[in-house]
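Residues per chain, in single letters:
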Amino acid sequence: MLRAFISVCLVSLSLPLVASAQVKPLLGFDAAGSERQRKLEAQFDGVLKSENLRTWMKRLSAKPHHVGSPYGKENAEFLAEQFRTWGFETEIERFDALLPVPKTRLLELVAPMKFKAALTEPVLKEDKTSGLTGQLPIYNAYSTDGDVTGELVYVNYGVPKDYETLAENGIDVKGKIVIARYGGSWRGIKPKVAAERGAIGCIIYSDPKDDGYYQGDVYPKGAWRGAQGAQRGSVADMPVYPGDPLTPGIGATKTAKRLDRKDAQTITKIPVLPISYADALPLLKAMGGPLAPSDWRGALPISYHLGAGPAKVRLKLTFDWQTVPVYNVIAKLKGSERPDEWVIRGNHHDAWVFGAADPLSGTVALMEEARAVGELTKSGWKPKRTIVYAHWDGEEPGLIGSTEYVETHAELLRKRAALYINSDSNGRGFLNIGGSHTLERFANEVARAVQDPVQNVSAHDRMRAVQIVRGTAEERTEARERADLRIGALGSGSDFTPFLQHLGVASLNIGYGGEGSGGSYHSAYDSFDHFERFIDPGFQYGIALAKTAGRLTLRAADAAVLPFEFTNFADTISKYSKEIGKLETDLREATREKNRRLEEKSLAYAADPTKPYIAPKPDTPIPPMDLTPLVKAVARLEVSARSYEQALKTRPIQSLTAADQIALDALLIDTERAMTSAQGLPRRPWYRHQIYAPGFYTGYGVKTLPAVREAMEERNWTEATAQMPVLAASIERVSVLLDRAARIVAPQSASR
């Protein structure tokens, strides 16, 4: 029924949108330039070959290639050689970063019975690489060393609100070891919150309800995670800063001054270990205490209890804290007219084990895209702006390669980076786009121009249809009525982070997915065999990614004026501003309701003193918030965005002089820089962007208008008030730049 309804939506939506996309000039181009560009893109499409993606993935995933591994270096050298063959000026840039590798991993149930976790993934005859040596074991990078024994407490997903539920049930985790299931937040948040609440250790397991037999047949029969599969991953506190933990803010070169490890903020405060659901089952089965709330229960054949105890576990971890080489592959195609404006396109190449889906599905698509760009140069074409292709190393432990590159070359990139286009994993399904909302219309335009390889419609029409079918009421309405689909705001989790949130480089993150099933993520079974069977058979969506990212890159490189647009951006900022107002109202009501509920519960427990109860403190009432600076800044932004758009309609792009186009580009590039502040966000100055940041307690998940929003969520009203003018000033700076841009385009109609 879902497929049928999506098909109906596609029929009703596709034809007028595709037709209009072919008539209108492309963003940043005049009519003649648009025609030339479309012919160039047709030529680009004609040389793309899916068999190349298959060949390269099989080669790159043949051995474990985590950062610092011998095959990781071999892969970097292989990638560099391909780019040189395709005509790019290519180098491998090395950094040296901290990476702990386990020496001891012990998890055992010591009471009320004995059990020792296996902590291994079995070799499967159906998966040819699963038995190869050189694999990193199941562990969490940047866990601290430790040997702790304590009663077990089940904390659901281990996010802050889960601890509120525990407190209301009279359960304190101080001195205990917590067990959390994957999901609900980025994994590094779980030990962070546990340590803040006084826990001495953290275990993270994959529940089959989220990632296993509840979802479908398990590997190798089906795609989903089997009983002994486990998810490796970093638990570095990346919402504080990503990259090498010992060199925050500076490149991790051989001569860099490094912190003592004890002073590194991003290493966890307690030991943490990931395990399979086969290893988790005996631990959870041995637990007592109250039943877990219904929405906390997974799919294991047990009654989920909260604890604490009677289950008691010992967790012992020791690490070899190594310094390992990080190899970035940087390939450049120099621009013919504006070589100092760089369009940067990246995807990482390192993996936890074999990494066919994560990241090689995106890596090989980028390779084919770059090869096709190289083919275009053989016909005499040269890009106006410089194109930089980057294959980052060390993304998995903590965005190391991209972060160290950005920190090392920060001043150069501030001058030259026009925009950054990122991809990571890719599979069959729907196009997903997140990024700077100044690039929203540009991304929509490209999505309309790419055909879905299975359905006879554009990628944009499939995006619109799925929002109508699966979206919220607001999303469904906007999908039907708004000209452009909203793109998501970016938090963290991939290599766009240092470009966007540290430097203020307008960025996009793109990839296809949603229909290729599987629970191979960060396991030894993220292999070529698994990928070819379940994720993107035939590599059709790999080619779709190459076409999509290729158009973004080519259009950004060749446009007469960079394809930034600001009415969508202003609309989005207005939406975020209204959310801040609603947040204040919602918090005020939630505070009243919580305090009322706590009072009732305290009275009930007081009537029966035999029940143990730890009374949570009531929340402080919310003082009035002055949102006037934000409201005024947004109102001015909306006027400035419309003025710039009107100016572009008044004067055709082709009538702008070359000097005016270059001056206009400089202003457009600076709009994203204007959204940053030198002091950064409170308690994490590495993050400078005032519009987008990873949440302090969500990790990958974005917080928009973060300094104000998070202060309010944490009920820090003094900080929220102090950050309001900082946020407003960043929005005002964008308006000033747009007013100047409008005067360049149409000086007589843009006097403000």
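The present account deals with the structure reproduced in this document. (Residues numbered from 1 in each chain as written. Predicted model: local features only at pLDDT ≥ 70, side-chain atom pairs only at ≥ 80, totals over all residues. Heavy atoms only, no water.)

1. Examining the overall build of the chain
Per the secondary structure count, the chain includes 23 helices and 16 strands. Among the 752 residues that make up the chain, the fraction classed as buried is 60%. In the chain, of all internal contacts separated by at least 6 residues, the share reaching a separation of at least 24 is 80%. Of the roughly 28200 Å² of accessible surface on the chain, a fraction of 53% belongs to carbon and sulfur atoms. The chain carries 95 positive and 90 negative side-chain charges, and their two centres are separated by 0 Å. (Helix = DSSP H or I, 4+ residues; strand = E, 2+ residues; numbered from the N terminus. Buried < 20%, exposed > 50% of the residue type's maximum accessible area, 1.4 Å probe, protein only. Contact = heavy atoms within 4.5 Å. Areas by Shrake-Rupley, 256 points an atom, 1.4 Å probe, with all protein chains shown as cover. Lys, Arg positive; Asp, Glu negative; His and termini not counted. Charge placed at Lys NZ, Arg CZ, Asp CG, Glu CD.)

2. Let's talk about the pattern of salt bridges
Scanning the model with the defined rule gives 47 salt bridges in all. Arg225 is the salt-bridge partner of Asp211, the closest N and O atoms lying 2.6 Å from each other. Of this pair, Asp211 sits in helix α7 (residues 208-211) while Arg225 sits in the loop between α7 and β7 (233-234), placing them 14 residues apart in sequence. Taken as a pair, Asp211 and Arg225 share a single burial class, namely buried. A salt bridge links Arg441 to Glu645; the shortest N-O distance between them is 3.3 Å. (Salt bridge = Lys/Arg side-chain N within 4 Å of Asp/Glu carboxyl O.)

3. Thoughts on the nonpolar core
Of all hydrophobic cores here, the largest spans 223 residues; its most connected members are Tyr154, Ile179, Tyr205 and Leu284. Apart from the residues lying within four places of it in its own chain, the contact partners of Ile179 are Leu152, Val153, Tyr154, Val155, Asn156, Ile203, Tyr205, Ala280, Leu283, Leu284 and Met287. (Core = buried A, V, L, I, M, F, W, Y, C linked by side-chain atoms within 4.5 Å.)

4. What about the pairing of strand β1 (residues 89-111)?
Sheet faces and side chains relate simply in a regular strand, where the side chains alternate between the two faces. Across 21 bridges, the pairing between β1 and strand β9 (residues 307-333) is antiparallel. Across the sheet, the residue bridging to Glu93 is Asn328, located in β9. (Pairing = 2+ DSSP bridges.)

5. Looking at the side chain of Thr548
If you trace the backbone, Thr548 turns up in helix α18 (residues 540-558). On the basis of relative accessibility, which here comes to 2%, the residue Thr548 falls in the buried class. The residues touching Thr548, leaving out its near neighbours within four places in the chain, are Leu431, Val446, Val450, Ile510 and Tyr512.

6. Digging into helix α21 (residues 658-674)
Taking 1.5 Å per residue, 17 residues should reach 24 Å; α21 reaches 24 Å between its end C-alpha atoms and fits that length. Within α21 the residues assigned to the buried category are Gln661, Leu664, Asp665, Leu667, Leu668, Ile669, Thr671, Glu672, Arg673 and Ala674. (Expected span 1.5 Å × (residues − 1).)

7. Here's the deal with helix α6 (residues 189-196)
Burial runs high along α6: six of the eight residues are buried. Inspection of α6 places Ile189, Lys190, Pro191, Lys192, Val193 and Ala194 among the buried residues, and these make up the whole buried set. Where the residues of α6 are buried, they touch α5 (160-168), β5 (177-181), β6 (201-205) and β8 (272-275). Within two residues after α6, Gly198 carries a phi angle of roughly 95°, on the positive side.

8. A few points about the packing of helix α2 (residues 31-46) against helix α9 (residues 356-378)
Orientation of α2 relative to α9, taken along the N-to-C sense of each, is 120°, at an axis distance of 9 Å. Classed by the angle they form, the pair α2 and α9 counts as oblique. The two elements α2 and α9 meet at a crossing, and its hand is right-handed. Side by side, α2 and α9 meet where Leu40, Gln43 and Phe44 of the first sit next to Glu369, Ala372, Val373 and Leu376 of the second. Tallied by class, residues from the contact of α2 with α9 come to five nonpolar, one polar and one charged. (Axes fitted to C-alpha atoms, helices over the stretch in contact; angles between N-to-C directions. Parallel < 35°, antiparallel > 145°, perpendicular 65-115°, else oblique. Left-handed = near helix turned anticlockwise from the far one by under 90°. Nonpolar A, V, L, I, M, F, W, Y, C, P; charged D, E, K, R; others polar.)

9. Considering the pairing of β8
Across the two faces of β8 the burial is the same, with Val272 and Pro274 and Leu273 and Ile275 all buried. Pairing geometry for β6 and β8, over four bridges, is parallel. Bridge pairing in β8 links Ile204 to Pro274.

10. Things to note about the packing of aromatic side chains
Applying the stated criterion across every chain yields a total of 22 aromatic pairs. An angle of 85° between the planes, with centres 5.5 Å apart, marks the rings of Phe83 and Phe88 as edge-to-face. With centroids separated by 5.4 Å and ring planes inclined at 35°, the aromatic side chains of Phe531 and Phe539 adopt a geometry described as tilted. Accessibility expressed as a relative area gives 3% for Phe539, which makes it buried. What links up through ring pairs into an aromatic cluster is the set Trp56, Phe83, Trp86, Phe88 and Tyr389. Over the ring of Tyr697 we find Lys192, and its NZ or CZ is 5.2 Å from the ring centre. (Phe/Tyr/Trp six-rings, centres within 6.5 Å; stacked < 30°, edge-to-face > 60°. Lys NZ or Arg CZ within 6 Å of the ring centre and 35° of its normal.)

11. Some remarks on the environment of Ala666
Position of Ala666 relative to the elements: it lies in helix α21. You can call Ala666 partly exposed: its relative accessible area is 40%. Taking the C-alpha atoms as reference, Ala666 lies 9.3 Å from Leu562; in sequence the two are 104 residues apart.

12. Section: the side chain of His689
Mapped onto the elements of the fold, His689 is located in the loop between α21 and β15 (692-694). Within the local environment of His689, its side chain forms a polar contact with the backbone nitrogen of Ile691, the two atoms lying 3.1 Å apart. Those residues within four positions of His689 in sequence are excluded, and the remaining contacts are Leu500, Gln501, Gly504, Glu672, Met675, Thr676, Leu681 and Pro706. (Polar contact = N/O pair within 3.5 Å; in protein donor to acceptor, adjacent residues only side chain to side chain.)

13. A few points about the packing of helix α20 (residues 628-650) against helix α23 (residues 717-745)
Where α20 meets α23, the axes come as close as 8 Å, and the angle between the chain directions of the two elements is 15°. When the axes of α20 and α23 are compared, the pair comes out roughly parallel. Considering how the two elements wind past one another, α20 and α23 form a crossing that is left-handed. Per-class residue counts for the contact of α20 with α23 are 19 nonpolar, three polar and three charged.

14. Overview of unusual backbone geometry
Each neighbour pair has its own omega, and for Gly309 with Pro310 the value is -5°, a cis peptide bond. One can find Pro310 in strand β9. Here the bond from Asp358 into Pro359 is cis, since omega is 15°, no more than 30 degrees from zero. Relative to the helices and strands, Pro359 is located in helix α9. If you check the backbone angles, Arg683 has positive phi at about 65° while not being a glycine. Structurally, the position occupied by Arg683 is in the loop between α21 and β15. The phi dihedral of Leu705 falls on the positive side, at around 45°, and the residue is not glycine. Of note, Leu705 is situated in the loop between β16 (702-704) and α22 (706-713).

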